[in-house]
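Examination of the molecular architecture
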There are 2 protein chains.
Amino acid sequence: MQGLNQDLPLLLSSILEHGATTFGDVAVVGRYAGEDMDYNYRRLEVRARQLASALRQQGYGPDRFVGSLAWNTHRHLELIYAATGIGTVLHTANPRLPPAQIAYAINFTGYRTLFIDPDTLVLAEQLAPQLETVRRYVMMAPPSTLPPTSLPELLSYEDLLADGAPGFAWPVLDERSACLLCFTSGTTGLPKGVLYSHRGTVLNALSTGGGNAWGLSADDAIIAIPGFFHCNGWAVPFFGPMYGARLVLPGRRTESAFLHRLIVEHGITVAPGVPTIFLDLLRHCRETEAGLGRLNRLFSGGTAPPLAMMEAYLRDYGVRTIHGWGMTETTSGVTMSFASRDLPADAALAAMRTQGKPMFGAAIRIADENGNVLPRDGVTPGHLQVRGHWSAAGYFRQPEVEAMTEDGWLQTGDVAKIDPDNTLHLVDRSKDVIKSGGEWISSQELETAAAAHPAVREAAVIAIPHPRWQERPLLIVATAGPVTEQELLAHLASLVPKWWLPDAVSFVEELPHGATGKLAKQVLRQWLAEGRLGVPPVVSATAQ
Amino acid sequence: MQGLNQDLPLLLSSILEHGATTFGDVAVVGRYAGEDMDYNYRRLEVRARQLASALRQQGYGPDRFVGSLAWNTHRHLELIYAATGIGTVLHTANPRLPPAQIAYAINFTGYRTLFIDPDTLVLAEQLAPQLETVRRYVMMAPPSTLPPTSLPELLSYEDLLADGAPGFAWPVLDERSACLLCFTSGTTGLPKGVLYSHRGTVLNALSTGGGNAWGLSADDAIIAIPGFFHCNGWAVPFFGPMYGARLVLPGRRTESAFLHRLIVEHGITVAPGVPTIFLDLLRHCRETEAGLGRLNRLFSGGTAPPLAMMEAYLRDYGVRTIHGWGMTETTSGVTMSFASRDLPADAALAAMRTQGKPMFGAAIRIADENGNVLPRDGVTPGHLQVRGHWSAAGYFRQPEVEAMTEDGWLQTGDVAKIDPDNTLHLVDRSKDVIKSGGEWISSQELETAAAAHPAVREAAVIAIPHPRWQERPLLIVATAGPVTEQELLAHLASLVPKWWLPDAVSFVEELPHGATGKLAKQVLRQWLAEGRLGVPPVVSATAQ
């Protein structure tokens, strides 16, 4: 039909173009490896165009891949836009993962060029012999700092960029083509790749930047704490130029004194991160009796933020916490808690405790073991499934992994309850929830309850097979002081239903953790099977 | 490539579905024709599904059209979602246009069913003999109010809806298919149709609802003042369920006492409208010494809002004005002024005076007569062109109208300047700007300057052909008191460059206006040609 809307694709390059044209003077600040970069979106785009042009000259274009093993720096940001702007997919490898997992992901993807940082050089040298396809490394640093290396070919980013034309025009791409690739952290088995499309990534930034979530505007300044390799840095690389918010890139460093200085000096208004970062920052502020400048909200992801932390930020610093839920498979956030500025503190904290509501463009539901959709009654737990423009439809080159329901919803592997108003409450990971007599016991809730005991340093709960109840909970604790099993069970009895009480308690020196700091429950299950926890690997029927 | 994002279309029905699921209890309030409707998004969606099902039973589906001649009521809102949700295009005819123009638009589109309101019945009866395709009228009122009528077939909306199934499932449509059709007001010649796609309409609401423009969240309550027939009611029907904002539908009435009562009673936070509405409301508040409740921002469109008005709202009521620019051809807003809450009043007012910046997804540029793109220097005026997801690519069934540049930008017919930071300043309509010696004189600026004289009730400036300068300005005034040509020119000389001063001043009783209240300059040009303005239709060369 004639006269319809103009048909333009949703591309990452259009975000940068918008930023450069409309917010050209807005500051982009990089602090990394002793190099202070103070520039803006106009200059960022010129350099991204130039790098894109250079990559094109090297033969890069649609359906090709490049990789990065790098922190949140201005060059890494340029690379995101340069590579994706010509249709090449950027795999942002996570330098914090075990080297074998990094090598696996790079080899699985298969590309020739890997962009590295001065302080991922040693890691790259260590990885290089295992990397089957990488032939060339590009050091994202000024040319003068190019060091001697065992790498086969090491180029300077600035030399490469200098070959490109600053007036290079962004090509028109298919918005459904891939732009970025992240891998899951592989706590169970090998990492799996999640490929993001231009369309999904743009819609994610557009929707989650809105008023019920990040609430961004040109009045904001964001500090990019989550690594770009982690869910695309939670969309921060796109929020900046899309909304005209100032962007501060802290490089590798996450220690609180450094972050605090950047937050105050650059008038940061919103800081995203995991609770650990915010707990450190809070401690720093208390110890130094320092304020937080213009900071008015945290965006907390990764795991549920402690209530006491959110309360302290709100009451002592006027900083609200936006609590989001998402995973590698959902680009960044799916649901976000919205605590209106007009809400009194208690009501705001109650809202912040939940995982919030889905943004427009995303949907959530829960289902039972047989895939029947369960009611949103705030009580019934079920397997969480998501649908939306920025959720994955499967894993990268792994069609054999069944991620989707028959009617097109992604299975998240989480167990959750949903309120009638579509507010999400995460209960547990599906594989960690304890199925006892047809009901579910949340290992996470038990762990939180156990950890509230002053003598408990850290707690884990796993299932023990049980002939009658199918599974029963086993509590495993690393202690901070003397405590008996009886004392712990009495403590728990005041916090959880009686039938949730663990059948046994095992005391260990240290709990095992994975590469990203999460509890490694699969190791605990192995310890249980090997009899190393001091309890039999199966509860005998007669014990009940 | 495997593992990409889920591929779901951007549809209006997904906005309503999101609202019903996530903000089901949020209030939707209708006040029209003595019927008080107080319901919510959950109920709205049930009724919209039911109506959609009934329309499907009647054979409606993709590529079909229906029409409405109606005000902003809850049934009209249901109809928007019901029709578009099954792929049928809703033509929202403007009851305020001259009957001949309404009939032309309906006949040009050609459909069988027209939805009307109790108080558009008389108009519909008047139009009916001229409507070539309409065979059935549906009265959007409770069944009991169906009146005797000369219309061939008059159905009750509620009877129609009752035939539908409330559990009807929204079909998956092509997001590039059309959903809504508005016509330009046809100040020059016949109205032209602009067809909006689902994709463009969703992206428009998603982007312009963001923090640099409307800044919407579940904390807001919006009063839907602009008619749905006018640029889709400025996206308000979509903002409500997308952001979970409460929605108040005032029906036909726009008088300030009524609007004021709704604003205060329902805790309205944002009110869109034209300056006239806001001037009346301001006067009402001053006369009654009433406050504005929770209202904190106006969204002013249609024409530039007077500075004194914005200042009064800001200083006396703490209400900011968001000043937007858009046209029927651009769905709703393209640019919007963003005055941060942190800006001091003077800086905020300076920002509000401009037409603002384009939102992500829209782009602006200016060009000279030959189509050469001009610099964004804040000084050079040029023909404004726009590009973006929600701008038209041409007119409905009028391929002969050349609306686009060769490289795909829409020609707006406006003259504007653009600042280096992409801020838009409208100068004039292209057809009204006076081309004098290779330079441009803004008729609008001259009119504003003349209207500032206390003896001037209204002023218009048109071009007189000139043998040497090509064109020179003629000032035409309707006076409010005695004033001479010399006094007016002296007054202007203090406000505009000397070479802008009109070559002649003509005094008239009344200036002519079009259907939407705009100055009818084409009538003035005709009066000039006919010698009715007391000045020769061409300036003689010797006069200079």
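Residues numbered from 1 in each chain as written. Chains lettered and ligands numbered in written order. Predicted model: local features only at pLDDT ≥ 70, side-chain atom pairs only at ≥ 80, totals over all residues. Heavy atoms only, no water.

Some points on the nonpolar core
- In this structure, A:Trp214 and B:Trp214 are the most contacted members of the largest nonpolar core, which totals 169 residues.
- Ignoring sequence-local partners within four residues, the contact set of B:Trp214 consists of B:Thr208, B:Gly209, B:Ile222, B:Trp234, B:Val236, B:Phe239, B:Val270, B:Pro272, B:Arg297, B:Phe299, B:Ile322 and B:Met336. (Core = buried A, V, L, I, M, F, W, Y, C linked by side-chain atoms within 4.5 Å. Buried < 20%, exposed > 50% of the residue type's maximum accessible area, 1.4 Å probe, protein only. Contact = heavy atoms within 4.5 Å.)

Here's the deal with the pairing of strand β25 (residues 504-508) of chain B
All names here are of chain B.
- Along β25, 4 of the 5 residues are buried, which leaves the element largely enclosed by surrounding structure.
- Where strand β24 (residues 470-479) meets β25, 5 bridges bridge the pair, whose relative direction is parallel. The partner of leucine 475 across the bridge, within β25, is valine 505.
- You can see the chain leave β24, run along helix α15 (residues 485-493) and come back into β25, and the turn it takes is right-handed. (Helix = DSSP H or I, 4+ residues; strand = E, 2+ residues; numbered from the N terminus. Pairing = 2+ DSSP bridges. Right-handed = clockwise from strand over helix to strand, strands pointing away.)

Focus on the side chain of A:Asn94
All names here are of chain A.
- Here asparagine 94 is to be found in the loop between β4 (89-93) and α4 (99-109).
- We classify asparagine 94 as buried; its relative accessible area is 17%.
- Among the polar contacts made by the side chain of asparagine 94, one reaches the main-chain amide nitrogen of arginine 96 at a distance of 2.8 Å.
- Discounting residues that sit within four places of it in the chain, asparagine 94 has contacts with Leu69, Ile102 and Phe229. (Polar contact = N/O pair within 3.5 Å; in protein donor to acceptor, adjacent residues only side chain to side chain.)

Here's the deal with the packing of helix α1 (residues 12-22) of chain A against helix α9 (residues 236-243) of chain A
Residues and elements named next belong to chain A.
- Axis separation between α1 and α9 bottoms out at 7 Å; the angle between their running directions is 45°. The orientation of α1 with respect to α9, classified from their angle, is oblique. For the pair α1 and α9, the sense of crossing is left-handed. Contacts between α1 and α9 involve Leu12, Ile15, Leu16, His18 and Gly19 from the former and Phe238, Pro241 and Met242 from the latter.
- Looking at the contact of α1 with α9, its residues break down into 6 nonpolar, 2 polar and no charged. (Axes fitted to C-alpha atoms, helices over the stretch in contact; angles between N-to-C directions. Parallel < 35°, antiparallel > 145°, perpendicular 65-115°, else oblique. Left-handed = near helix turned anticlockwise from the far one by under 90°. Nonpolar A, V, L, I, M, F, W, Y, C, P; charged D, E, K, R; others polar.)

Let's talk about the sheet that holds strand β18 (residues 382-388) of chain B
All names here are of chain B.
- Taken together, the 4 strands give an open sheet; going across it, the order is β17-β18-β19-β20, and neighbouring strands pair in antiparallel fashion. Each end of this open sheet is capped by a strand with a single partner; those strands are β17 (362-367) and β20 (424-429). Pairwise comparison of adjacent strand axes, ignoring direction, gives a mean angle of 50° for this sheet.
- As judged from the 5 bridges shared by strand β19 (residues 410-418) and β20, these two strands associate in the antiparallel manner. Across the sheet, residue alanine 416 finds its bridge partner in β20, namely leucine 426.

Description of the state of the cysteines
- According to the stated counting rule, one finds 0 disulfides over all chains in the structure shown.
- The thiol of A:Cys179 is not disulfide-bonded; the next cysteine sulfur, from A:Cys182, is found 9.6 Å away. (Disulfide = S-S within 2.5 Å.)

Focus on the pattern of salt bridges
- In total, this model carries 62 salt bridges over all chains according to the counting rule given.
- For A:Arg252, the salt bridge goes to A:Asp119, with nearest N and O atoms at 3.3 Å. Remark: A:Asp119 occurs in the loop between β5 (113-116) and α5 (121-127) and A:Arg252 occurs in the loop between β11 (246-249) and α10 (256-265); sequence separation between them is 133 residues.
- Two residues, B:Arg365 and B:Asp407, come together in a salt bridge whose shortest N-O distance is 2.9 Å. (Salt bridge = Lys/Arg side-chain N within 4 Å of Asp/Glu carboxyl O.)

Topic: the domain arrangement of chain A
- You can read the domains of chain A as domain 1 (12-26 + 38-210), domain 2 (362-429) and domain 3 (433-543).
- A straight line from the C-alpha centre of domain 1 of chain A to that of domain 3 of chain A covers 43 Å. (Domains from an automatic or database assignment.)

A closer look at helix α12 (residues 307-317) of chain A
Residues and elements named next belong to chain A.
- All of the buried residues along α12 are Met309, Met310, Ala312, Tyr313 and Leu314.
- Where α12 is buried, its residues contact α11 (275-288), β13 (297-300), β14 (320-326) and α13 (345-353).
- Where α12 terminates, the next one or two residues include glycine 318, which has phi positive at roughly 65°.

What to know about the sheet that holds strand β6 (residues 136-139) of chain A
Residue and element names in this part refer to chain A.
- Taken in spatial order, the 7 strands line up as β7-β6-β5-β3-β4-β8-β9 in an open sheet, and their pairing is mixed. For this open sheet the edge positions go to β7 (154-156) and β9 (193-197), each flanked by a neighbour on one side alone. Ignoring strand direction, the axes of neighbouring strands in this sheet form an average angle of 25°.
- As paired strands, β6 and β7 are joined by 3 bridges and run parallel to one another. Counterpart to tyrosine 137 in the pairing with β7 is leucine 154.

A short note on the side chain of B:His91
Residue and element names in this part refer to chain B.
- With respect to the secondary-structure elements, histidine 91 resides in strand β4 (residues 89-93).
- Within polar-contact distance, the side chain of histidine 91 engages the side chain of tyrosine 111 at 2.8 Å.
- The contact partners of histidine 91, leaving out residues within four places of it in the chain, are Val66, Gly67, Ser68, Ala105, Ile106, Thr109, Tyr111, Leu181 and Phe183.

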